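Examination of the molecular architecture
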Amino acid sequence: MSVNTEIRRITTNTVQEMKLNGEKISMLTAYDYSTAVILDGAGIDVILVGDSASNVMAGHETTLPITLDQMIYHASSVVRGTKRALIVVDLPFGSYQGNSKEALASAIRIMKESGAHGVKLEGGAEVKDSIERIISAGIPVMGHLGLTPQSIYKFGTYSVRAKEDAEANKLLSDIQILQDAGCFAVVLEKIPAKLGKEATSLVKIPTIGIGAGPDVDGQVLVVNDMLGITKGFRPRFLRQYLNLFEEITGAVKQYITDVKSQDFPGKKEQY
Ligand code: KIV
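Conventions used here
- Residues numbered from 1 in each chain as written.
- Predicted model: local features only at pLDDT ≥ 70, side-chain atom pairs only at ≥ 80, totals over all residues.
- Heavy atoms only, no water.
- UniProt positions renumbered as here; feature names shortened; annotations may be inferred.
- Helix = DSSP H or I, 4+ residues; strand = E, 2+ residues; numbered from the N terminus.
- Rg over C-alpha atoms; globule rule 2.2 N^0.38 Å.
- Contact = heavy atoms within 4.5 Å.
- Areas by Shrake-Rupley, 256 points an atom, 1.4 Å probe, with all protein chains shown as cover.
- Lys, Arg positive; Asp, Glu negative; His and termini not counted.
- Charge placed at Lys NZ, Arg CZ, Asp CG, Glu CD.
- Domains from an automatic or database assignment.
- Near = heavy atom within 4 Å.
- Polar contact = N/O pair within 3.5 Å; in protein donor to acceptor, adjacent residues only side chain to side chain.
- Nonpolar A, V, L, I, M, F, W, Y, C, P; charged D, E, K, R; others polar.
- Core = buried A, V, L, I, M, F, W, Y, C linked by side-chain atoms within 4.5 Å.
- Buried < 20%, exposed > 50% of the residue type's maximum accessible area, 1.4 Å probe, protein only.
- Patch = residues over 30% accessible without salt bridge, like charges linked within 9 Å, V, L, I, M, F, W, Y side chains within 5 Å.
- Salt bridge = Lys/Arg side-chain N within 4 Å of Asp/Glu carboxyl O.
- Axes fitted to C-alpha atoms, helices over the stretch in contact; angles between N-to-C directions.
- Parallel < 35°, antiparallel > 145°, perpendicular 65-115°, else oblique.
- Left-handed = near helix turned anticlockwise from the far one by under 90°.
- Pairing = 2+ DSSP bridges.
- Phe/Tyr/Trp six-rings, centres within 6.5 Å; stacked < 30°, edge-to-face > 60°.
- Lys NZ or Arg CZ within 6 Å of the ring centre and 35° of its normal.

As annotated in an unreviewed UniProt entry, the protein carries the name 3-methyl-2-oxobutanoate hydroxymethyltransferase and comes from Solitalea canadensis. Heading Function (unreviewed entry) of the UniProt record for the protein holds this comment: "Catalyzes the reversible reaction in which hydroxymethyl group from 5,10-methylenetetrahydrofolate is transferred onto alpha-ketoisovalerate to form ketopantoate." Quoted straight from UniProt, the Sequence similarities (unreviewed entry) entry for the protein says "Belongs to the PanB family."

What follows is the structure in structure tokens.
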């Protein structure tokens, strides 16, 4: 008898089943091969190749500057590092808002050139046509509502969204539009926990929260933030699991000392 050791890939159906079964969905961002290998091996359900790469990888102040080519580079590196996780890639700013044909062309490039399994884009009613066109080509789409960082210059601040009725009601209407357009899941970013719960109960598709409280179907964090690589970024919603900034700084300082003092390389570290 042969044992089947094949690892089964998480699909958009799997995450929808997880919502039905009440199993929470775990999602983290990744932008490179080595991190993707670690997250995948640890059993993460979904990896988001977020346009937050613009901030944490490239050092930009916002997500706006990152290009489609750069997203494809990050995404293809992540895909090569995974066997199990569902890989979703952000459509960068300017690659889908213009018209739905452009949106589809951008999504096709991501799927073809990176090997990812779906795309994410920000917005509600305004991007409905783009979502429908992308899905009609067989490409799964994840929505993103609440604090949508590509609109930072419209918001003017990264503070909590939809605290007032008008914006909350628009979010509740948008999430139904995204469901009807065919999105397989929706990210809810930085909104009151009560609204996260209400939005989640309104739709059959899974909601994945970042600062949207506990009553959503899954959680996502930026991996550099939860590992404590990002210095000085401590929003209330963030749980920091390590302080890698301090740990890596310590290791680098020790390395410098060892090189200067000629302690490194030792007898066993040479040929
Ligand atoms: O780009 C990103 O990392 C994201 C998450 C914050 C959801 O969109």
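**Some details on the overall build of the protein**
A count of helical and extended segments in the protein gives 11 helices and eight strands. Its C-alpha atoms give the protein a radius of gyration of 20 Å, within 12% of the compact-globule value 18 Å for 271 residues. Reported as C-alpha extents along the three principal axes, the dimensions of the protein are approximately 65 × 55 × 35 Å. Excluding contacts between residues fewer than 6 apart, the proportion of contacts in the protein whose partners are at least 24 apart in sequence is 59%. For the protein, the exposed area adds up to about 14,400 Å²; of that, 53% sits on carbon and sulfur atoms. Each charge class in the protein was averaged separately, 29 positive and 31 negative side chains, and the resulting centres sit 2 Å apart.

**Considerations on the domain arrangement of the protein**
Once the domains are mapped, the protein shows domain 1 (3-240) and domain 2 (244-271). The C-alpha centroid of domain 2 is placed 38 Å from the C-alpha centroid of domain 1.

**A closer look at the site of the ligand**
Neighbouring the ligand are Thr29, Leu48, Gly50, Asp51, Ser52, Asp90, Lys120, His144, Val187, Glu189, Ile210 and Val222. The contact in question runs from an oxygen atom of the ligand to an N or O atom on the side chain of Asp90, over 3.1 Å. In the model, an oxygen atom of the ligand is placed 2.9 Å from a nitrogen or oxygen of the Lys120 side chain. Summarising the interface, the protein chains cover 96% of the accessible area of the ligand, which totals 260 Å² for the free molecule. Residue composition of the shell around the ligand, grouped by class: four nonpolar, four polar and four charged.

**Thoughts on the nonpolar core**
Grouped together as the largest cluster of nonpolar side chains are 56 residues, with contacts concentrated most on Ile47, Ile134 and Leu188. When near neighbours in sequence (up to four residues on either side) are disregarded, Ile47 contacts Leu28, Thr29, Ala30, Ala36, Leu39, Val78, Thr82, Ala85, Leu86, Ile87 and Val88. Within the second largest apolar cluster, 16 residues are counted, among which are Leu48, Leu86, Met142 and Ile208.

**Focus: the UniProt feature "binding site: Mg(2+)" (unreviewed entry) in the protein**
UniProt marks Asp51, Asp90 and Glu122 with the feature "binding site: Mg(2+)" (unreviewed entry), using the numbering shown here. Separation in sequence by 72 residues is not matched in space for these annotated residues, since their most distant C-alpha atoms are only 10.9 Å apart. As for its placement among the helices and strands, Asp51 is situated in the loop between β2 (46-49) and α3 (53-56). Non-local contacts of Asp51, meaning those with residues more than four positions away in its chain, are made with Thr63, Ile66, Met71, Asp90, Glu122 and Gln150. Owing to a relative accessible area of 7%, Glu122 belongs among the buried residues under this scheme.

**Side note on a nonpolar patch on the surface**
Taken together, Ile248, Val252, Tyr255, Ile256, Val259 and Phe264 make up a surface patch of nonpolar side chains, about 520 Å² in accessible area. Positionally, Val252 belongs in helix α11 (residues 244-260). Given a relative accessible area of 42%, Val252 falls into the partly exposed group.

**Digging into the packing of helix α5 (residues 100-114) against helix α6 (residues 128-136)**
Relative placement of two packed helices is described by the angle separating their axes and the distance separating the axes. Viewed as axis vectors pointing N to C, α5 and α6 meet at an angle of 45 degrees, and their least axial separation amounts to 8 Å. On the basis of the axis angle, α5 is oblique to α6. Of the two possible hands of crossing, α5 and α6 adopt the one that is right-handed. Along its contact with α5, which presents Ser100, Lys101, Ala103, Leu104 and Ala107, the element α6 presents Asp129, Ser130, Arg133 and Ile134. Here the contact of α5 with α6 is composed, by residue class, of four nonpolar, two polar and three charged.

**Quick word on the sheet that holds strand β7 (residues 207-210)**
Backbone-to-backbone hydrogen bonds pair the strands of a sheet. The strands run either parallel or antiparallel. Strand order in the closed barrel made by the eight strands is β1-β2-β3-β4-β5-β6-β7-β8, with parallel pairing throughout. For this sheet the average axis-to-axis angle between neighbouring strands, irrespective of direction, equals 25 degrees. As judged from the four bridges shared by strand β1 (residues 25-29) and strand β8 (residues 218-221), these two strands associate in the parallel manner. When the bridges of β8 are listed, Leu28 appears paired with Leu221.

**Examining the packing of aromatic side chains**
With the rule as written, the count across this model stands at one aromatic pair. The ring centre of Phe155 lies 4.0 Å from the NZ or CZ of Arg161, which sits over that ring.

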